[in-house]
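Chain residues, written in single-letter form:
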Amino acid sequence: MNRRLAVYPGTFDPIHLGHLDIITRGLKAFDRILVGVGINIDKKPLLSLEDRVSVIQEVVRQEIPEHERVEVKPFRGLAVRFVREAGSSVMLRGLRTTSDMEYEFTMSLANMTLDPDIETVFLMAKDTYSHLSSSLLRQIASFGGEMGKFLPKGAVELVRKRYTVQPD
Ligand code: ADP
């Protein structure tokens, strides 16, 4: 298995600066990163899978100088299976404040049981982005709030188009 390739799975609904930072910093540790855009059954996505993949591809192309080292693909089903099928043994995840700890800890233990060959590697969120979450951004966007401080430039327009203010 290729240890130089890390798979970064997530829902990315939408991708924000915290996610982008994990990809950028992940490239210091790994030769290549495959961003896996998945379905989380506990979350009802507002952006379609196709939209999420294409916006991440665009953002990576615009914001990451060595973007040829990053690939973006959708996946369905278990993240560990996606990692294995990609030929990697590393799942990359970001860790925000203590609130992420319990969930990420549980997930990594479950994944370890499902496939002991796959290791989860965590990068701590950068302090400037540690408050960012896709759900917070969906709230701001749905009320027409300014998103330029939270989203990569290439994502702002699409997110604005998709999240229009709902009439009361
Ligand atoms: P999931 O639905 O799999 O939790 P998300 O799209 O919410 O997917 O997040 C994908 C990964 O990115 C997770 O590991 C999450 O902890 C991490 N992440 C989310 N927000 C941030 C942030 N602001 N800074 C660093 N990592 C983050």
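Details of the structure are given in the entry above.
Position labels on residues start from 1 in each chain and follow its written sequence. Side-chain atom pairs in this predicted model are given and counted only at pLDDT of 80 or more, local residue features only at pLDDT of at least 70, and totals for whole chains, interfaces and linings cover all residues. As a convention, hydrogens and water are excluded, and side-chain values are obtained from all of the structure's heavy atoms.

Draft legend 1. Quick look at the overall build of the protein chain. Secondary structure elements are taken from DSSP: a helix is a run of H or I of four residues or more, a strand is a run of E of two residues or more, and numbering for both begins at the N terminus. When helices and strands are tallied, the protein chain shows six helices and five strands. Its helices and strands in sequence order give the protein chain the pattern β-α-β-α-β-α-β-α-β-α-α, from N to C terminus. Throughout this description, buried means an accessible area under 20% of the type-specific maximum (1.4 Å probe, protein chains only), exposed means over 50%, and partly exposed covers the range between. The proportion of buried residues among the 168 residues of the protein chain is 45%. In this analysis, two residues are considered to be in contact whenever any of their non-hydrogen atoms come within 4.5 Å of each other. Counting contacts in the protein chain only where the partners sit at least 6 residues apart, residues at least 24 apart contribute 76% of the total. Computed over 23 positive and 22 negative side-chain charges, the inter-centroid distance for the protein chain is 2 Å. The positive count covers Lys and Arg only, the negative count covers Asp and Glu only, and His and the chain ends enter neither. The atoms used to mark charge sites are NZ of Lys, CZ of Arg, CG of Asp and CD of Glu.

Draft legend 2. Region of the structure containing the side chain of S133. Along the chain, S133 turns up in the loop between β5 (119-124) and α5 (134-142). Sequence-distant contacts of S133, defined by excluding residues within four places in its chain, comprise H16 and R96.

Draft legend 3. Layout of the side chain of S134. One can find S134 in helix α5. Classification of S134 as buried rests on a relative accessible area of 12%. In protein, a polar contact means a hydrogen-donor-capable atom and an acceptor-capable atom, both N or O and within 3.5 Å, with residues adjacent in sequence counting only if both atoms are side-chain atoms; elsewhere, any N or O pair within 3.5 Å suffices. At 3.0 Å, the side chain of S134 forms a polar contact with the backbone oxygen of P14. Apart from residues lying up to four places away in sequence, S134 is in contact with D13, P14, H16 and H19.

Draft legend 4. A look at the nonpolar core. The biggest cluster of nonpolar side chains holds 36 residues, and the ones touching the most others in it are I15, V35 and I56. Among the secondary structure elements, those contributing two or more residues to this core are β1 (2-10), α1 (17-29), β2 (32-37), α2 (49-63), β3 (70-74), β4 (88-95), α5 and α6 (153-162). Sort the elements by how many residues they give to this core and α2 lands first, with six residues. Not counting residues within four places of it along the chain, the set of residues in contact with I15 comprises I23, V55, I56, V59, L151, P152 and A155. L34, V80, F82 and I118 belong to the second-largest nonpolar core, a separate cluster that totals ten residues. Residues enter a nonpolar core if they are buried and are Ala, Val, Leu, Ile, Met, Phe, Trp, Tyr or Cys, with the set joined through side-chain atoms within 4.5 Å.

Draft legend 5. Structural detail: unusual backbone geometry. Cis geometry marks the peptide bond from D13 to P14; its omega dihedral reads 5°. Not every positive phi belongs to a glycine, and F12 is a case in point at roughly 50°. Here F12 lies in the loop between β1 and α1.

Draft legend 6. The arrangement of the pairing of β4 in detail. The element β4 is extensively covered by neighbouring structure, given that seven of its eight residues are classed as buried. For two strands to pair, DSSP has to find at least two bridges joining them. Pairing of β4 with β5 involves six bridges; the strand directions are parallel. Bridging from a neighbouring strand, V90 pairs with E119 of β5. In this fold, the crossover linking β4 to β5 by way of helix α4 (residues 98-114) has right-handed handedness. We call a crossover right-handed when, viewed with both strands directed away from the observer, the connection leading from the first strand over the helix to the second proceeds clockwise.

Draft legend 7. Structural view of the site of the ligand. Neighbouring residues are identified by heavy atoms, a residue being near a molecule or strand if any of them is within 4 Å of it. Inspection of the region around the ligand gives 19 residues, with Y8, T11, K43, G94 and Y129 positioned closest. Within the backbone of G94, an N or O atom sits 2.6 Å from an oxygen atom of the ligand. Between the ligand and L132, the relevant distance is 3.0 Å, taken from a nitrogen atom to a main-chain nitrogen or oxygen of the residue. Isolated, the ligand exposes 550 Å² of accessible area, and the fraction of that covered by the protein chains is 95%. At the level of elements, β1, α1, β4 and α4 are the ones that each hand at least two residues to the shell around the ligand. Under this grouping Gly is polar, as are all residues other than the nonpolar Ala, Val, Leu, Ile, Met, Phe, Trp, Tyr, Cys and Pro and the charged Asp, Glu, Lys and Arg. When the residues that make up the shell around the ligand are grouped by side-chain class, the tally is seven nonpolar, seven polar and five charged. The protein chains shown are the only cover counted for residues, whose accessible areas, like all others here, come from Shrake-Rupley with a 1.4 Å probe.

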